[in-house]
Amino acid sequence: MFFTQYYLEYRSRASYMIGDEVTGQVVVVDPRRDVGEYLVDARARGLSIVGVVTTHFHADFLAGHLELAEATGAWIRTPADGERIVLGDVVLQVLETPGHTPGSIGIAVFEHAADEVPYGVLTGDGLLVGDVGRPDLPASPGARADEPAGLLHRSIRSAAPSSVDDAILDRRLHPDLGAAAVPVPLGVDDVLAHQRAGAVVLDTRDPGDFAARHLAGSVNVPTDGRFAETAGVVAAPEQQVVVVAAQDGEEGVVRTLARIGFDHVVGYLSEPEGALLGVPGRVVRARRLTARRLAAAMGRPYPPVVIDVRDAGELAGGAIFRARHIPLAELPRRLSEIPPGRPLVVYCAGGYQSSVAASLLRREGWTDVSDLLGGYAAWAAVLPAR
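None of these values were measured; they are calculated from a predicted model.

**Side note on the overall build of the protein**
Then comes step 1: When helices and strands are tallied, the protein shows 12 helices and 23 strands.
Then comes step 2: Scored against the burial criterion, the 386 residues of the protein give a buried share of 48%.
Then comes step 3: For the protein, the exposed area adds up to about 17900 Å²; of that, 52% sits on carbon and sulfur atoms.

Written as structure tokens, this is what we have:
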């Protein structure tokens, strides 16, 4: 049996190539959109990709089923419960496991057709290590929250898996990865022209580098965190995007955006450090406060409005007194809750999400916005919780 996992650490997602080395037939399960690695591995081992299986429609990235079918002629399907895919002596058997999405399936992998116990089970995000998949994603439109949760409960108790999303876009035909993942260099004047025309300037550098110098109106989404899903919070796939990346980091950024369906990345700022020095009138700094400076500001007659952009589950460890809680993922649609004309201070757990949120607020018109250096961890280290 040939069995290989392809894991994207920063997205916490896996795909698999499985098959029979005797017949040379393999299938790819839940492929990512850039399919080159599957093609190279199959070619190097003399294997033929004959099929593509999707365990469910993903809500946080585009799958590569169309790209693989185009490159290899492979069939694409989400098989029905009990169906067996025979690749020689290696057999895949489908298990219906609705809940994470209505049509979710698991795949039991048998190394030999006569085996009674499978080699393993691919759970398709239904069952995770120490956790289960979310039942509340957009892959379940129209369903009440308790319906998919109930289905998931039954699925994980009746099946026997063991540990070893844009869902709507994945249902539609979309362009092959192709040129969408090819970075195009742009001069700073071209970047500014695209920005004036409505493009989102996505600055993916470290928050400290961004704070020191960036194009006014750009949004900071550093690559050292949950980059792909955070980019999906501050921009939409149909929008044009210009990337500002650390020197020589643009290729990885553009490819990652393409993986989640951002097919309108018009280019990246070439040689960013030098380019920013060439347009001083368009370059600004971002204000960042220490915990002690924030505490002093909050003792004044007109204190800043403090916004906590952490997820709800993070609040159990404490929060800054009288902070308004608006999770980062909800911020773009809850801007009306933030008072205009007041100084704002944004904080998160450690400083990643707050840099994103503060830059988004500046782009949306708030002029006096700071983020808390070190996040709530820094605040709790020097000030008592209240």
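**What to know about the packing of aromatic side chains**
Then comes step 1: Throughout the structure, instances matching the rule amount to 4 aromatic pairs.
Then comes step 2: Their ring planes at 80° and their centres at 4.9 Å tell us that Tyr 6 and Tyr 38 sit as a pair that is edge-to-face. Here Tyr 6, found in strand E1 (residues 2-8), pairs with Tyr 38, found in helix H1 (residues 36-44); they are 32 residues apart in sequence, far enough to count as distant. Each of the two residues, Tyr 6 as well as Tyr 38, counts as buried.
Then comes step 3: A ring pair is formed by Tyr 347 and Tyr 376, whose centres lie 6.2 Å apart and whose planes are at 35°; its orientation type is tilted.

**Regarding the pattern of salt bridges**
Then comes step 1: Taken as a whole and assessed by the stated rule, the structure comprises 16 salt bridges.
Then comes step 2: The salt bridge involving Arg 288 is made with Asp 371; its shortest N-O contact spans 3.1 Å. Residue Arg 288 is found in strand E19 (residues 287-289), and its partner Asp 371 is found in strand E23 (residues 369-372); the two are separated by 83 residues along the sequence.
Then comes step 3: Look at Asp 371 and you get buried, because its relative accessible area is 2%.
Then comes step 4: What you see here is one network of salt bridges that share partners, running through Arg 32, Asp 34, Glu 37 and Arg 255.

**Remarks on the sheet that holds strand E12 (residues 185-186)**
Then comes step 1: Pairing is parallel across the open sheet formed by 5 strands, whose spatial order is E12-E17-E16-E13-E15. A single partner strand is all that each edge strand has here, and the edge strands are E12 and strand E15 (219-220).
Then comes step 2: Bridge count between strand E13 (residues 200-203) and E15: 2 bridges; the pairing is parallel. Residue pairing in the sheet places Asp 203 in a bridge with Asn 220 of E15.

**Section: the sheet that holds strand E8 (residues 105-110)**
Then comes step 1: Taken in spatial order, the 4 strands line up as E6-E7-E8-E9 in an open sheet, and their pairing is antiparallel. Each edge of the open sheet carries a strand with a single partner, namely strand E6 (84-86) and strand E9 (120-122). Sheet twist, expressed as the mean angle between neighbouring strand axes with direction ignored, is 25°.
Then comes step 2: Where E6 meets strand E7 (residues 91-96), 3 bridges bridge the pair, whose relative direction is antiparallel. Looking across to E7, one finds that Val 86 is bridged to Val 91.

**As for the nonpolar core**
Then comes step 1: Counting 38 residues, the largest nonpolar core has Val 243, Leu 257, Leu 331, Ile 338 and Leu 361 as the members making the most contacts within it.
Then comes step 2: Put simply, the parts of the chain that give this core at least two residues each are E13, helix H7 (227-234), strand E16 (241-244), helix H8 (250-259), strand E17 (265-269), strand E20 (305-308), strand E22 (344-347) and helix H11 (352-363).
Then comes step 3: It is H11 that contributes the most residues to this core, 6 residues altogether.
Then comes step 4: Apart from residues no more than four positions distant in its own chain, Leu 361 is found in contact with Ile 307, Leu 331, Leu 335, Ile 338, Leu 344, Val 346, Trp 366 and Val 369.
Then comes step 5: Core analysis: the next-biggest nonpolar cluster, separate from the first, contains 15 residues, Val 90, Val 94, Ile 105 and Leu 122 among them.

**Observations concerning helix H5 (residues 188-196)**
Then comes step 1: All of the buried residues along H5 are Val 188, Val 191, Leu 192 and Gln 195. Across the axial projection of H5, the buried residues extend over an arc of 95°, all falling on one side.
Then comes step 2: Looking at the packing, one finds that the buried side of H5 touches E12, E13, strand E14 (214-215), E16, E17 and helix H9 (272-277).
Then comes step 3: Trailing H5 by a residue or two, Gly 198 shows a phi angle of about 115°, which is positive.

**A word on the side chain of Asp 371**
Then comes step 1: Of note is the side chain of Asp 371, whose polar atom sits 3.4 Å from the side chain of Ser 354.
Then comes step 2: Beyond its immediate stretch of four places on either side in the chain, Asp 371 contacts Arg 287, Arg 288, Leu 289, Val 346, Gly 351, Ser 354, Ser 355 and Ala 358.

**A word on H7**
Then comes step 1: Within H7, the full set of buried residues consists of Phe 227, Ala 228, Thr 230, Ala 231 and Val 234. End-on view of H7: buried residues confined to an arc of 165°, all on one side of the axis.
Then comes step 2: Each element contacted by the buried residues of H7 is listed here: E13, E15, H8 and H11.

**Let's talk about unusual backbone geometry**
Then comes step 1: Positive phi values are uncommon outside glycine, yet Glu 271 reaches one of about 45°.
Then comes step 2: Its place among the elements puts Glu 271 in the loop between E17 and H9.
Then comes step 3: Despite not being glycine, Arg 322 has its phi angle at roughly 65°, a positive value.

Rules used in this analysis
- Each chain has its residues counted from 1, following the order in which its sequence is written.
- Only residues with pLDDT of at least 70 get local features here, since the model is predicted, and only at 80 or more are side-chain atom pairs given and counted; chain-wide, interface and lining totals rely on the full set of residues.
- Heavy atoms from the whole structure form the basis of all side-chain values; hydrogens and water molecules are not counted.
- We count a stretch as a helix when DSSP gives it H or I for four or more residues in a row; a strand needs E for two or more, and each element gets its number in order from the N terminus.
- Relative accessibility decides the category of a residue: with a 1.4 Å probe and only protein chains considered, values under 20% of the type maximum give buried, values over 50% give exposed, and everything between is partly exposed.
- Surface accessibility in these figures is a Shrake-Rupley result with a 1.4 Å probe; residues are shielded only by whichever protein chains are displayed.
- Here a Phe, Tyr or Trp ring, Trp counted by its six-membered ring, pairs with any other such ring whose centre lies within 6.5 Å, and the pair is stacked when the planes are under 30 degrees apart, edge-to-face when over 60, and tilted otherwise.
- In the sections that follow, a salt bridge refers to a side-chain nitrogen of Lys or Arg positioned within 4 Å of a carboxyl oxygen of Asp or Glu.
- Strands pair, by our definition, only if DSSP identifies at least two bridges between them.
- To define axes, lines are fitted to C-alpha atoms, for helices over the stretch in contact only, and angles between the resulting N-to-C directions are given on a 0 to 180 degree scale.
- Joining through side-chain atoms within 4.5 Å is the link that ties buried Ala, Val, Leu, Ile, Met, Phe, Trp, Tyr and Cys residues into a set, and such a set is a nonpolar core.
- Between two residues, a contact is recorded if the distance between any of their heavy atoms is within 4.5 Å.
- By arc we mean the arc of the directions from the helix axis to the C-beta atoms, nothing more.
- Side-chain atoms alone can form a polar contact between residues adjacent in sequence; in general such a contact is a pair of N or O atoms within 3.5 Å, and within protein one must be able to donate a hydrogen while the other accepts it.

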